[in-house]
Structures are given as structure tokens and as C-alpha cells.
Amino acid sequence: MSRHKSKAIPGRNLRLADRIHKDPAGIDQREIDATGVELSTDYAHAKVYFTVLGAEPEAATALLNEKAGWLHSQLYKLLHIHTVPTLRFFHDEQIARGIEMSILIDRANRPGPHSGVPDEPEDQS
């Protein structure tokens, strides 16, 4: 058995991903919200998915990836672990798509002139 092989610690991947998700090392959480984190099995890389308010997603992604080294060093200080993952940021478009789908569903379910459903029930008396 090699000295350098180690067994995965049960739940460590989830705990580390949760910690990165909850405290993204100084990111202003009023403007950027981490929606999920995917860690590689060796904990060397993390994909951080986020949504952003009041800014263009492409600009936010570029800025976060530019600052990823600084964020990595802040996580290292915060987490006190040997392997802190390299961070890559990706805009999470699923939330925007979900909102769009919800709006479409609401429109489809709304009674109106094109739905074939009268706005008010007819008086049968």
C-alpha cells in the first residue's frame, strides 16, 4: 500500500463544498449569490455557480475569475486545510430560466380573452 494514497473521508466533500458555498471569502453577498459548488474528487478544483443582481453576468464571471487567486488565499486562511480548491466561477442560468418558465406558466393559467375561460362565471338564474 502506497503512503500517498488516502481514502476519501466520508462527507468531507459535502462539508467543504458547503463551506465554500456559505462563505465565498469576502464576496459581497448583496450583489452575488453562490447557488452551488461542485468539487473534484481530489478537492483540487471547485466550480462555483452564482447569480448576480445589478450587473452583467459575463462581466461578473470575468471579474470573479480574475480575483479567483485572491479568493483562494482567503479560503486558505479561513478553512485551515491542506488542500484548498482552485476556484472557477460560472454564472448559473438555471434560476433565470426558472423565473421565465414560472412567468410563462402564470400567463398560461391566467384567465383572459385568449384562454377560452370567461373572466367571471355566468349567472345561471
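Rules behind the numbers
Residues numbered from 1 in each chain as written. Predicted model: local features only at pLDDT ≥ 70, side-chain atom pairs only at ≥ 80, totals over all residues. Heavy atoms only, no water. Helix = DSSP H or I, 4+ residues; strand = E, 2+ residues; numbered from the N terminus. Buried < 20%, exposed > 50% of the residue type's maximum accessible area, 1.4 Å probe, protein only. Contact = heavy atoms within 4.5 Å. Areas by Shrake-Rupley, 256 points an atom, 1.4 Å probe, with all protein chains shown as cover. Pairing = 2+ DSSP bridges. Core = buried A, V, L, I, M, F, W, Y, C linked by side-chain atoms within 4.5 Å. Axes fitted to C-alpha atoms, helices over the stretch in contact; angles between N-to-C directions.

Enquirer: Got a sec to walk through the overall build of the chain? Specific residues and values, please.
Expert: Check the secondary structure of the chain and you find four helices and three strands. If you list the helices and strands of the chain from N to C, you get α-β-β-α-α-β-α. In the chain, which comprises 125 residues, the proportion classed as buried is 24%. When contacts within the chain are restricted to residue pairs at least 6 apart in sequence, long-range pairs at least 24 apart make up 51% of them. Only carbon and sulfur atoms are counted for the fraction: they give 55% of the accessible area of the chain, which is about 9800 Å².

Enquirer: Residues and numbers for the pairing of strand β2 (residues 45-52), please.
Expert: Inspection of the sheet shows strand β1 (residues 32-39) paired to β2 by seven bridges, in the antiparallel sense. Bridged to aspartate 33 within β2 is threonine 51. Strand direction decides the pairing type here: β2 and strand β3 (residues 86-91), joined by six bridges, are parallel. Following the sheet pairing, tyrosine 49 is matched in β3 by phenylalanine 90.

Enquirer: Help me get a handle on the nonpolar core, residues and values and all.
Expert: Grouped burial of nonpolar side chains is what soluble globular proteins tend to show. Counting residues in hydrophobic clusters, the biggest one holds 21 residues, and the most contacted among them are Ile20, Val37, Leu39, Val48, Phe50, Leu87 and Phe89. Elements represented by at least two residues in this core include exactly α1 (12-22), β1, β2, α2 (57-66), α3 (68-79) and β3. Apart from residues lying up to four places away in sequence, valine 48 is in contact with Ile20, Ala34, Gly36, Val37, Leu87, Arg88, Phe89 and Phe90.

Enquirer: Please provide a residue-by-residue account of the sheet that holds β2, values included.
Expert: The three strands lie next to each other as β1-β2-β3, forming an open sheet whose pairing is mixed. The sheet is open, and its two edges are formed by β1 and β3, each paired on a single side. For this sheet, the mean inter-axis angle between neighbouring strands, taken without regard to orientation, is 30°. Of the strands in this sheet, β1, β2 and β3 are in contact with α1, which crosses β1 at around 160°.

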